[in-house]
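# Understanding the architecture of this molecule
Okay, here's what each chain looks like letter by letter:
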Amino acid sequence: MSSGNDQQSEALSKPTFSEEQASALAESVFGLKVSKVQPLPSYDDQNFHVYVSKTKNGPTDYVLKISNTEASKNPDRIEVQNHIIMFLKAAGFPTSSVCRTKGDNTASLVSIDSGSEIKSYLVRLLTYLPGRPIAEIPMSPQLLYEIGKLAAKLDKTLQKFHHPKLSSLHRKNFIWNLKNVPLLEKYLYVLGQNRNREIVEHVIHLFKEEVMPKLSHFRE
């Protein structure tokens, strides 16, 4: 995902691979025998659901993830993300598995001639994790409890994660980081003038007044 300052540039650099190109990447980089490829929703990267011919012992569904050109300039961040997934998988969490390239790496940088310039994209492959988004499921107190319990377990487990390149995850002005809530002020206009905007403005004000002065005392 992108930071507040980088959103426009990253949006312009979002990959635009065709299904045929995605299929070719899955075969050439990861050695899969692809039977079908379908696009998946994405934010500023590009995702594909990759189906392969049935195998005796391996999975038949994968997710091919193609990072945008800006994110692809920081392979350390992608590497750490992959190792976090592997760490959580080993700890028993229901996560995807990170697949190795034919060169035994967790990601590969591929260069594509767009006609006017050569663009490079980091490509990685995960096993497909079936399920339904929470937004499509009726909420209940029990479900909310289970979500909170899983989030707490995840947080506690990640405290044990170590990696020499962990600092690559820290991005200044990253709007998806909760400590950067005030950065959302520049997007208030999309709410128009209504009660929802008043609520959001109030929350941001409280964050500035009550939380920001104490941020240095909180564990990240």
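Residues numbered from 1 in each chain as written. Predicted model: local features only at pLDDT ≥ 70, side-chain atom pairs only at ≥ 80, totals over all residues. Heavy atoms only, no water.

A word on the domain arrangement of the chain. You can read the domains of the chain as domain 1 (9–138 + 157–169) and domain 2 (181–214). Distance from the C-alpha centre of domain 1 to the C-alpha centre of domain 2: 34 Å. (Domains from an automatic or database assignment.)

A separate point is the packing of aromatic side chains. Evaluation of the coordinates by the stated rule reveals three aromatic pairs. Seen from their ring centres, Phe17 and Tyr121 are 5.1 Å apart, and the 80° between their planes marks the pair as edge-to-face. Taken together, the positions of Phe17 in the loop between helix 1 (7–12) and helix 2 (19–30) and Tyr121 in strand 6 (residues 118–127) put the pair 104 residues apart, joining distant regions of the chain. Side by side, Phe17 and Tyr121 carry an identical accessibility label, which is buried. Note on Phe87 and Phe161: the rings are 5.3 Å apart at their centroids and 65° apart in plane angle, and the pair reads as edge-to-face. In this pair, Phe87 is assigned in helix 3 (residues 75–90) and Phe161 in the loop between helix 4 (141–158) and helix 5 (195–211), connecting sequence segments 74 residues apart. Its relative accessible area of 8% is what places Phe161 among the buried residues. Its end group placed over the ring of Phe93, Lys153 keeps NZ or CZ at 5.2 Å from the ring centre. (Phe/Tyr/Trp six-rings, centres within 6.5 Å; stacked < 30°, edge-to-face > 60°. Helix = DSSP H or I, 4+ residues; strand = E, 2+ residues; numbered from the N terminus. Buried < 20%, exposed > 50% of the residue type's maximum accessible area, 1.4 Å probe, protein only. Lys NZ or Arg CZ within 6 Å of the ring centre and 35° of its normal.)

Another aspect to go through is the environment of Lys208. Position of Lys208 among the secondary structure elements: in helix 5. Here the alpha-carbon distance between Lys208 and Asn180, two residues 28 residues apart in the chain, equals 9.9 Å. Excluding residues that lie within four positions of it along the chain, Lys208 makes contacts with Pro182, Glu185 and Pro213. Separated by 2.9 Å, the side chains of Lys208 and Glu185 make a polar contact. (Contact = heavy atoms within 4.5 Å. Polar contact = N/O pair within 3.5 Å; in protein donor to acceptor, adjacent residues only side chain to side chain.)

With that settled, the discussion passes to the environment of Lys119. Along the chain, Lys119 falls in strand 6. Residue Lys119 is classed as partly exposed on the basis of its relative accessible area of 25%. Separated by 47 residues in sequence, Lys119 and Ser72 place their C-alpha atoms 9.8 Å apart. With residues near it in sequence (within four places) discarded, Lys119 still touches Thr69, Val110, Ser111, Ile112 and Ser114.

Before going further, it helps to examine helix 5. In this model, helix 5 (17 residues) spans 23 Å end to end at C-alpha, consistent with the 24 Å of a helix rising 1.5 Å per residue. The complete set of buried residues in helix 5 reads Arg197, Ile204 and Phe207. Viewed end-on, helix 5 has its buried residues packed into an arc of 85°, placing them on one side of the element. (Expected span 1.5 Å × (residues − 1). Arc of directions from axis to C-beta.)

So, on to the side chain of Asn82. Among the structural elements, Asn82 can be located in helix 3. The exposure class of Asn82 is buried, given its relative accessible area of 0%. Separated by 3.2 Å, the side chain of Asn82 and the backbone oxygen of Thr106 make a polar contact. For Asn82, the side chain forms a polar contact with the side chain of Arg124, separated by 3.0 Å. Every residue in contact with Asn82, bar those within four places of it in the chain, is listed here: Val98, Thr106, Ala107, Arg124 and Leu126.

The next thing to look at is the side chain of Thr106. With respect to the helices and strands, Thr106 occurs in the loop between strand 4 (98–99) and strand 5 (108–113). On the basis of relative accessible area, Thr106 is assigned to the buried category, the value being 10%.

As a further point, take the pairing of strand 3 (residues 61–66). The pairing of strand 2 (residues 46–52) with strand 3 spans six bridges and is antiparallel. When the sheet's bridge partners are listed, His49 is paired in strand 3 with Val63. Across five bridges, strand 3 lies against strand 6 in antiparallel orientation. If you follow Ile66 over to strand 6, its bridge partner there is Val123. (Pairing = 2+ DSSP bridges.)

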